[in-house]
Amino acid sequence: GDSVTQMEGPVTLSEEAFLTINCTYTATGYPSLFWYVQYPGEGLQLLLKATKADDKGSNKGFEATYRKETTSFHLEKGSVQVSDSAVYFCALSGPGKSGGSYIPTFGRGTSLIVHP
Amino acid sequence: EAQVTQNPRYLITVTGKKLTVTCSQNMNHEYMSWYRQDPGLGLRQIYYSMNVEVTDKGDVPEGYKVSRKEKRNFPLILESPSPNQTSLYFCASSLSGEGATYGYTFGSGTRLTVV
């Protein structure tokens, strides 16, 4: 079945450092890929998405490129801020098990801690 | 404001006492889903609904029920809660069952403790 693997956290960085959170996936067909962010005490929010190979999703300084050849969707940001401290989830949504629904699959999440 | 509203935010209950967690969305979304989030296990889908009167099991449906009588509401029912259902619950919705290109809108969560 479909699966998403994220690097284990926590990832601890100093403010203004470069961020990479790795995400690889296994899926049948051609899924869409997403990054969600969960701030403390809140629900998940869609951060960015890419719907086909070589698409780049971007938002709030974060970027991720859909790499079909390496089945990856790594999240990057050039200069992190303390306010970026949160848990980040990689997800895919593609043809479902029954072929008729698009059941999303989430990674386990990666905690990011940014120090001043 | 477009949103998914869950209630209550926090709930402490006793084993066996039936409870309902409500979920409502104001975006006319067809697809709605319930997840539970547990440390080390990430998000696991409990039930989902492709549209009114259409529901199906997710990965961990045991001990839960849902209904979708109206498009905007998707309550989660625990008929006889047990301590292993202590968790953080999220409701989510998407424009359609083919949520591939839309992504999901999540509620703020319900932290349930069963003692």
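In what follows, the accompanying structure is described. These figures come from a predicted structure and were not determined experimentally. (Residues numbered from 1 in each chain as written. Chains lettered and ligands numbered in written order. Predicted model: local features only at pLDDT ≥ 70, side-chain atom pairs only at ≥ 80, totals over all residues. Heavy atoms only, no water.)

Concerning unusual backbone geometry
- For the bond running from G9(A) to P10(A), omega is 0 degrees, close enough to zero to count as cis.
- Inspection of the secondary structure puts P10(A) in the loop between β1 (3–6) and β2 (11–14).
- Note the cis peptide between N7(B) and P8(B), where omega equals -5 degrees.
- Positive phi outside glycine occurs at K60(A), with the angle close to 55 degrees.
- Here K60(A) is to be found in the loop between β7 (56–59) and β8 (62–65).
- Residue class for K60(A) comes out exposed when judged on its relative accessible area of 52%.
- With a phi close to 45 degrees, T71(A) is a non-glycine residue in the positive phi region.
- Mapping T71(A) onto the fold places it in the loop between β8 and β9 (75–77). (Helix = DSSP H or I, 4+ residues; strand = E, 2+ residues; numbered from the N terminus. Buried < 20%, exposed > 50% of the residue type's maximum accessible area, 1.4 Å probe, protein only.)

Thoughts on the sheet that holds β8(A)
Residue and element names in this part refer to chain A.
- In space, the 4 strands of this open sheet follow the order β3-β9-β8-β7, with antiparallel pairing throughout. At either margin of the open sheet sits one strand with a lone partner, and together these are β3 (19–21) and β7. Shown here is a sheet whose adjacent strand axes are inclined to one another by a mean of 20 degrees, direction ignored.
- Direction of pairing for β3 relative to β9: antiparallel, over a ladder of 3 bridges. Across the sheet, L19 pairs through a bridge with K77, a residue of β9. (Pairing = 2+ DSSP bridges. Axes fitted to C-alpha atoms, helices over the stretch in contact; angles between N-to-C directions.)

Regarding the interface of chain B and chain A
- Of the residues lining the interface, 25 residues belong to chain B; the matching set on chain A comes to 21 residues.
- Here chain B and chain A share an interface that buries about 1700 Å² over both sides, 57% of which is from carbon and sulfur atoms.
- The interface formed by chain B and chain A contains 0 salt bridges.
- If you look at where chain B meets chain A, you find 4 residue pairs in polar contact (both at pLDDT 80 or more).
- If one sorts the elements of the side of chain B that touches chain A by residue count, strand β5 (residues 42–51) of chain B sits on top with 5 residues.
- The class makeup of the residues in the side of chain B that touches chain A is 12 nonpolar, 10 polar and 3 charged. (Contact = heavy atoms within 4.5 Å. Buried area = accessible area lost by both parts, 1.4 Å probe. Salt bridge = Lys/Arg side-chain N within 4 Å of Asp/Glu carboxyl O. Polar contact = N/O pair within 3.5 Å; in protein donor to acceptor, adjacent residues only side chain to side chain. Nonpolar A, V, L, I, M, F, W, Y, C, P; charged D, E, K, R; others polar.)

Some thoughts on the sheet that holds strand β3 (residues 19–25) of chain B
Residue and element names in this part refer to chain B.
- An order of β1-β3-β8-β7 is seen for the 4 strands of this open sheet, with the pairing classed as antiparallel. In the strand order of this sheet, the two ends are held by β1 (4–7) and β7 (65–66), each with one partner.
- Pairing of β7 with strand β8 (residues 76–78) involves 2 bridges; the strand directions are antiparallel. Residue pairing across strands places K65 opposite I77, the latter belonging to β8.

Digging into the nonpolar core
- Ranked by internal contacts, the top residues of the largest apolar core, which has 26 residues, are L19(A), W35(A), L47(A), L48(A), F73(A), L75(A) and Y88(A).
- Mapped onto this core, the elements with two or more residues apiece are β2, β3, β4 (23–26), β5 (32–38), β6 (44–50), β8, β10 (86–93) and β12 (110–115) of chain A.
- If one sorts the elements of this core by residue count, β10(A) sits on top with 4 residues.
- Setting aside chain neighbours within four positions, we find F73(A) in contact with C23(A), L33(A), F34(A), W35(A), L48(A), K49(A), A50(A), A64(A), T65(A), Y66(A) and C90(A).
- Core analysis: the second largest hydrophobic core is formed by 19 residues, C23(B), I46(B), V66(B) and Y89(B) among them. (Core = buried A, V, L, I, M, F, W, Y, C linked by side-chain atoms within 4.5 Å.)

Details of the packing of aromatic side chains
Residues and elements named next belong to chain B.
- Tallied over the full model, the rule gives 12 aromatic pairs over all chains.
- When the ring of Y35 is compared with that of F106, the centres are 6.0 Å apart and the planes differ by 40 degrees; the resulting orientation is tilted. One end of the pair, Y35, is in strand β4 (residues 31–38); the other, F106, is in strand β10 (residues 105–106), and 71 residues separate them in sequence. When sorted by exposure, Y35 lands in the same class as F106, which is buried.
- A ring pair is formed by F90 and F106, whose centres lie 6.4 Å apart and whose planes are at 80 degrees; its orientation type is edge-to-face. Here the residue F90 occupies a position in strand β9 (residues 87–94), and F106 occupies one in strand β10, the gap between them amounting to 16 residues. Pair check on accessibility: F90 and F106 agree, each one buried. (Phe/Tyr/Trp six-rings, centres within 6.5 Å; stacked < 30°, edge-to-face > 60°.)

Remember that the coordinates give geometry; whether it matters functionally is a separate question.
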